[in-house]
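Examining the three-dimensional arrangement
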Amino acid sequence: MQTPASIDLASFYANPDRNVAVLDYNTRFITSIFDLVNSDELADFVRLFLDEQREHTPEVADPSTTFNLVTPQVYLATIKAILTDQPDAFAQYQKSEILASIEDLYSYYRTYLRVATMTIKQNDVVASEFMTIDQRFNDLVIRLYRTIEEKLQGHANHVYRQVSAGSSACMLLQQLKWPMPAGYEKLQDIRFIDRLMLRPPMMLHTKSNKRKGTFTATKVNPLTNFKGTEDDYYCYPAMIGESLAYIYFHRDYMASGLALANLFQLADVKQVAGHKPDLVLLFGTPGVASDTDPENGHYFYDQANDIYVGQVPYNDQTTYFGYMKKMCLTLHNLHMIAQKRLPIHGSMMRITFANGQTKTVVFFGDSGAGKSESIEALQQIADDKIVSMETIFDDMGSFTLKGKELYAQGTETGAFVRLDDLSSEVAFNNMDRGIYMNPEQKNARVIIPANTWPRVVAHHHIDMWVYANNYDDAVGVHRFTDQETAKATFIAGKRKALGTTDEVGMSTTFFANPFGPVQEQAATQPIIDAVFDRLFTDSVYVGEIYTHLGNDKSQDKLNESARQLLDELLKL
């Protein structure tokens, strides 16, 4: 089946290949049912819908009596006749068939990720009312649908469902000036996201649900090939840890762009205006001919301006949110290594016990090792010994050695976790805030908020650091007494792959972190050495927890490992 052509009006964009639609309220804001049914935007979308329907209509269907085979003009004329109670509205097509088609059109529109945009202008009331304005459009769409539906069925509905009829999300945008080095002028007209409104739970679908390969360095600044404009690109300004990142993404990657809101702190105007970023990501733009693995992402260090620039190409594979997240973290980790900080691929919990003690534990390991699952196990076995548990970071953090003090910080304010390995209780308890990615497929994911940015970037003492061992059959935890053995285990990054990437079977990754340390092993090694020296000098618990995710996936065994970990924490 050939995908119908996209709609690309000034006020409305819809790409059926990516199921993304963008509405620009500044260009046109529709305020009445009759303006909507007479609009070019609806006419073009009806054309898109009918093109799709023809692929599913039997070849033997009679065009003279089959409503889904009419032209867009006839389709809309019929809708207008129904709205105005014209006596000949049903002269050619049966009410039941028209109603079924209207239901399909309404459902088809809602399969799109529909994002409304408004741009702040000087003294613009939009800034304080953008959510109200968006709600008016949603109310208008659902009112049009219900009016047609009830006229066709001949009675009012008995049950009303208040779905997000018009938009899935709304972005408030504005242009901001920052000290742009020479060569970066292509970015000056692209608008920044100032505020964002989501309508969760959001069920998003992408063409890919697995990440492949690793990101590599490029010899040419990706801005050389950047062709984006203010019409097809947006910028999500993020605080990734303490790194300021300007994430420019193509509108066809809106699913990944919106999901950032549940993962990284949205930087405010004061953090952006007049500030050069530490990191710039261009998502959905081609690399250069000399790049290795052109289908994957690349990074470039602009030494003259001290900016790490990332690039991820436009293709079906990179629609998986892991590409967006991991390239952001790769750039951040490279920045951390340059500052002599150690990137940690892991999760950190701060546990408050009933006896008044507060302890922290850092879980460490590559994708699928069991970091998030270990945290969930702690939450499941929590009893009256535990008052509270706080997630400091879920996937990536850093250790900083300042003099004799070693402390941890996080990067993300949210968590990007597999539904496959979460209990239904955890998944459903967070549904009202979650952004779900391909929930019916293997490696289904949810992005949920976890903590506030000030707490994430605070300096946290480290009481315990454990490697998430998903391949051995032992139960519980094991403390390393020998520094070199411990260091060798962490550096080897051994795990059994679970299908979250293109790896299979047993694998090893330098320091369990293919997002920075792998690319800069020589620069990372002396930082690792210094951190382990400090940990063992201070007698910090360094060990491993047996998660069982790579063999029998036994929840009972993981829970027992978590219980033993808590017992060890209480002894510290």
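Shown above is the structure to which this text applies.
Attention in this report is confined to the structure presented alongside it. Keep in mind that what you see is a predicted model, and the values were worked out from it rather than measured.

Turning our attention to the overall build of the protein. Check the secondary structure of the protein and you find 14 helices and 27 strands. The globule rule puts the C-alpha radius of gyration for 572 residues at 25 Å, and the 26 Å found for the protein is close to it. Overall, the protein is about 90 × 55 × 45 Å in size when its C-alpha atoms are taken along their principal axes. Here the protein, with 572 residues, has 58% of them falling under the buried criterion. Contacts in the protein between residues at least 24 apart in sequence constitute 76% of all its contacts with a sequence separation of at least 6. About 23,100 Å² of surface is accessible on the protein, with carbon and sulfur atoms providing 49% of the total. Averaging the locations of the 53 positively and 71 negatively charged side chains of the protein gives two centres separated by 3 Å.

As a further point, take the packing of aromatic side chains. Applying the stated rule across the entire model yields 34 aromatic pairs. Taking 6.4 Å as the distance between ring centres and 65° as the angle between the ring planes, the aromatic pair formed by Phe192 and Tyr248 counts as edge-to-face. Within this pair, whereas Phe192 is found in strand β6 (residues 192-198), its partner Tyr248 is found in strand β10 (residues 243-250), the two being separated by 56 residues in sequence. Judged by relative accessible area, which is 1%, Phe192 ranks as buried. By way of ring pairs, the aromatic residues Phe12, Phe45, Phe49, Phe67, Tyr75, Tyr93, Tyr108, Tyr109 and Tyr112 are connected into one cluster.

Conventions adopted
Residues numbered from 1 in each chain as written. Predicted model: local features only at pLDDT ≥ 70, side-chain atom pairs only at ≥ 80, totals over all residues. Heavy atoms only, no water. Helix = DSSP H or I, 4+ residues; strand = E, 2+ residues; numbered from the N terminus. Rg over C-alpha atoms; globule rule 2.2 N^0.38 Å. Buried < 20%, exposed > 50% of the residue type's maximum accessible area, 1.4 Å probe, protein only. Contact = heavy atoms within 4.5 Å. Areas by Shrake-Rupley, 256 points an atom, 1.4 Å probe, with all protein chains shown as cover. Lys, Arg positive; Asp, Glu negative; His and termini not counted. Charge placed at Lys NZ, Arg CZ, Asp CG, Glu CD. Phe/Tyr/Trp six-rings, centres within 6.5 Å; stacked < 30°, edge-to-face > 60°.

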